Amino acid sequence: MEEIDTLLNHVSVLHKQNEDKEIFNVFQSLGFKSQETMHSKFIASLLDPKDQHGKKHSFLQLFLKHIKSDFKTDNVKVKTERSVHKRRIDISIENNDSIIIIENKIFAGDQYMQLEDYFNFCKEEKKNVEVIYLTLYGNPPSEKSLGETPIIERDTINCISYEKEIIPWITECVDQSKGRLKTSLEMYNELLHVLINRNGFMNKIFKYLKEDPEKLKA
C-alpha cells in the first residue's frame, strides 16, 4: 500500500502542476481536434513548399523521411480535397511522374471501394502511386475500402499514424522553426498528444512509472 500511496501522491502533484500551466490552445478553441478536414488542410499547408511557412521543401523532406519515401521534390504540387469519381482525396502530393495520396482517418469510417477508386484514378495519371493510410495508431484500411485492389498493390499501401509518424515529424518541424510558426506548431503538437491520449500530464506519469519497475508494478 505504501508504494501505491507514494504513486498517487506523485500523480496528484503532477496534476496540480499541469493545472497551473497556461493551457490556451487556439486549435483546441476552434474545435480542431475532431475535424479531419482541418487536420488535412493544416498538414497539407506544411507539406506545400510554396505555402506561407517559408520553409520551402524542408517540412516536406522531413515528412518523406518519416514515411520512408524516395518521392522526388522537384515541381511539387500539394492539394486537398481533390475530386475523384464523386469522392475527394484528403491530400495529394505530386510531381511530374509520381503521386502520393493520403487518406486521413481520425474518427470517420471507410467508404466502400474508397482506396481502390483513388488508386485506379491516380494510376491513369501517374507512373508511380504511393497510397498513405493515416490513422491515430496505424490501423490498416478495411476490406470494404480496398475493394478489388490486387494483393501486390495492397502491400504497397503505407499505414502510418499520428502517434508514430506525424507527431515526430511535427516535433522536428518545431525544431526548425521560430516565432509565430514555431508557436503554432507547438500548439498543434500539443493537440495531437491530446488526440492520442498522450497529453503532457500523461507523458509525465509514464516517464515517472518507467523510472522504476516497482513503480510500474504498483
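Here the structure is shown first, and the text comes after it.
Reading guide: rules and limits
Residues numbered from 1 in each chain as written. Predicted model: local features only at pLDDT ≥ 70, side-chain atom pairs only at ≥ 80, totals over all residues. Heavy atoms only, no water. Core = buried A, V, L, I, M, F, W, Y, C linked by side-chain atoms within 4.5 Å. Buried < 20%, exposed > 50% of the residue type's maximum accessible area, 1.4 Å probe, protein only. Helix = DSSP H or I, 4+ residues; strand = E, 2+ residues; numbered from the N terminus. Contact = heavy atoms within 4.5 Å. Axes fitted to C-alpha atoms, helices over the stretch in contact; angles between N-to-C directions. Parallel < 35°, antiparallel > 145°, perpendicular 65-115°, else oblique. Left-handed = near helix turned anticlockwise from the far one by under 90°. Nonpolar A, V, L, I, M, F, W, Y, C, P; charged D, E, K, R; others polar.

*Asks:* Explain the nonpolar core residue by residue, including any values.
*Replies:* In this structure, L47, I93, Y162, W169 and Y188 are the most contacted members of the largest nonpolar core, which totals 39 residues. For this core, the elements supplying multiple residues, two or more each, are α3 (36-47), α4 (58-66), β2 (87-94), β3 (98-104), β4 (128-135), α8 (162-175) and α9 (179-195). At seven residues, α8 tops the list of elements feeding residues into this core. For Y162, the residues in contact, after removing those within four places along its chain, are H39, I43, N104, I106, L134, T135, L136, I167, P168, Y188, L192 and I196.

*Asks:* Outline the packing of α8 against α9, listing residues and values.
*Replies:* Across the interface, α8 lies against α9 with an axial gap of 9 Å and an inter-helix angle of 160 degrees. In terms of orientation, α8 and α9 fall into the roughly antiparallel class. Here α8 runs over α9; the crossing is left-handed. On α9, the residues that touch Y162, I166, I167, I170, T171, C173 and V174 of α8 are K182, L185, E186, Y188, N189, L192 and H193. Residues that form the contact of α8 with α9 fall into these classes: nine nonpolar, three polar and two charged.

*Asks:* Which residues make up unusual backbone geometry, and what are the values?
*Replies:* Located in the positive-phi region is K68, a residue other than glycine, with phi close to 60 degrees. One can find K68 in the loop between α4 and β1 (77-84). For M113, which is not a glycine, the phi torsion comes out positive at approximately 60 degrees.

*Asks:* Tell me about the packing of α3 against α9, and name the residues and values.
*Replies:* Two quantities define a packed helix pair, namely the angle between the axes and the distance from one axis to the other. Contact pair α3 / α9: the axes reach a minimum separation of 13 Å and the direction vectors enclose 135 degrees. What the angle tells us is that α3 and α9 run oblique. α3 and α9 meet at a crossing whose hand is left-handed. The segment α3 lies against α9, with H39, F42, I43 and L46 engaging L185, Y188, L191, L192 and L195. Looking at the contact of α3 with α9, its residues break down into eight nonpolar, one polar and no charged.

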